[in-house]
Each structure stands twice: as structure tokens, then as C-alpha cells.
Amino acid sequence: MKQPFSPGDRTYYVSDERLRAFKALTPEQRLRWVEELANFLRLAKVSKKKPASKP
């Protein structure tokens, strides 16, 4: 199955307001945010590998 787009072509726009909000976080809050994002991505990757269960 051919992918509709190249994974290397992905882009994400972050507004100046969002960047300022991240900059205002403490180092501990930033680290927590990054850890939560990494955990979310791991869970998404795992669920993508598992076949969907049937009810």
C-alpha cells in the first residue's frame, strides 16, 4: 500500500503565542511536558502495531 505522502514532508506550525507560553514554563514543567509527549507517542506507536480487537 502506497502512503499518500512522504513522512519526511510533515510540517507543524507553532504560533508565537504558543512559543511564548512554552518559554514561560519552568525547566521542570518543560521536562514534564516533553516526557508526557514522549509517552503519548510511545502509546500511539504501540497501538498502531496491535490489531484492533473485535467486540
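Note that the structure is predicted; figures quoted are calculated from it, not measured.

What counts and what doesn't
- Residues numbered from 1 in each chain as written.
- Predicted model: local features only at pLDDT ≥ 70, side-chain atom pairs only at ≥ 80, totals over all residues.
- Heavy atoms only, no water.
- Salt bridge = Lys/Arg side-chain N within 4 Å of Asp/Glu carboxyl O.
- Helix = DSSP H or I, 4+ residues; strand = E, 2+ residues; numbered from the N terminus.
- Buried < 20%, exposed > 50% of the residue type's maximum accessible area, 1.4 Å probe, protein only.
- Phe/Tyr/Trp six-rings, centres within 6.5 Å; stacked < 30°, edge-to-face > 60°.
- Patch = residues over 30% accessible without salt bridge, like charges linked within 9 Å, V, L, I, M, F, W, Y side chains within 5 Å.
- Areas by Shrake-Rupley, 256 points an atom, 1.4 Å probe, with all protein chains shown as cover.
- Polar contact = N/O pair within 3.5 Å; in protein donor to acceptor, adjacent residues only side chain to side chain.

**Q** Help me understand the pattern of salt bridges in this model?
**A** One side chain can pair with another of opposite charge once the charged atoms of both are near each other. Per the stated rule, a full pass over the model turns up one salt bridge. We note a salt bridge from arginine 32 to glutamate 28, for which the minimum N-O separation is 3.0 Å. Of this pair, arginine 32 and glutamate 28 are both found in helix H2 (residues 27-49), four residues apart, which corresponds to roughly one turn of the helix. Look at glutamate 28 and you get exposed, because its relative accessible area is 55%.

**Q** Honestly, the packing of aromatic side chains in this entry has me stumped. Any pointers?
**A** Two numbers describe a pair of aromatic rings. These are the distance of the centres and the angle of the planes. Applying the stated criterion across every chain yields a total of one aromatic pair. An angle of 65° between the planes, with centres 5.2 Å apart, marks the rings of phenylalanine 22 and tryptophan 33 as edge-to-face. Taken as a pair, phenylalanine 22 in helix H1 (residues 16-23) and tryptophan 33 in helix H2 lie far apart in primary sequence, eleven residues in all. Residue phenylalanine 22 is classed as partly exposed on the basis of its relative accessible area of 30%. The class for tryptophan 33 is partly exposed, based on a relative accessible area of 43%.

**Q** Explain a nonpolar patch on the surface here, please?
**A** Taken together, the side chains of Phe22, Trp33, Val34, Leu37, Phe40 and Leu41 present a nonpolar region at the surface, about 570 Å² in accessible area. If you trace the backbone, phenylalanine 40 turns up in helix H2. For phenylalanine 40, a relative accessible area of 54% puts it in the exposed group.

**Q** So what exactly am I meant to see when it comes to the environment of glutamine 29 here?
**A** With respect to the helices and strands, glutamine 29 occurs in helix H2. When its relative accessible area of 35% is taken as the criterion, glutamine 29 is described as partly exposed. In terms of polar contacts, glutamine 29 uses its side chain to reach the backbone amide nitrogen of threonine 26, at 2.8 Å.

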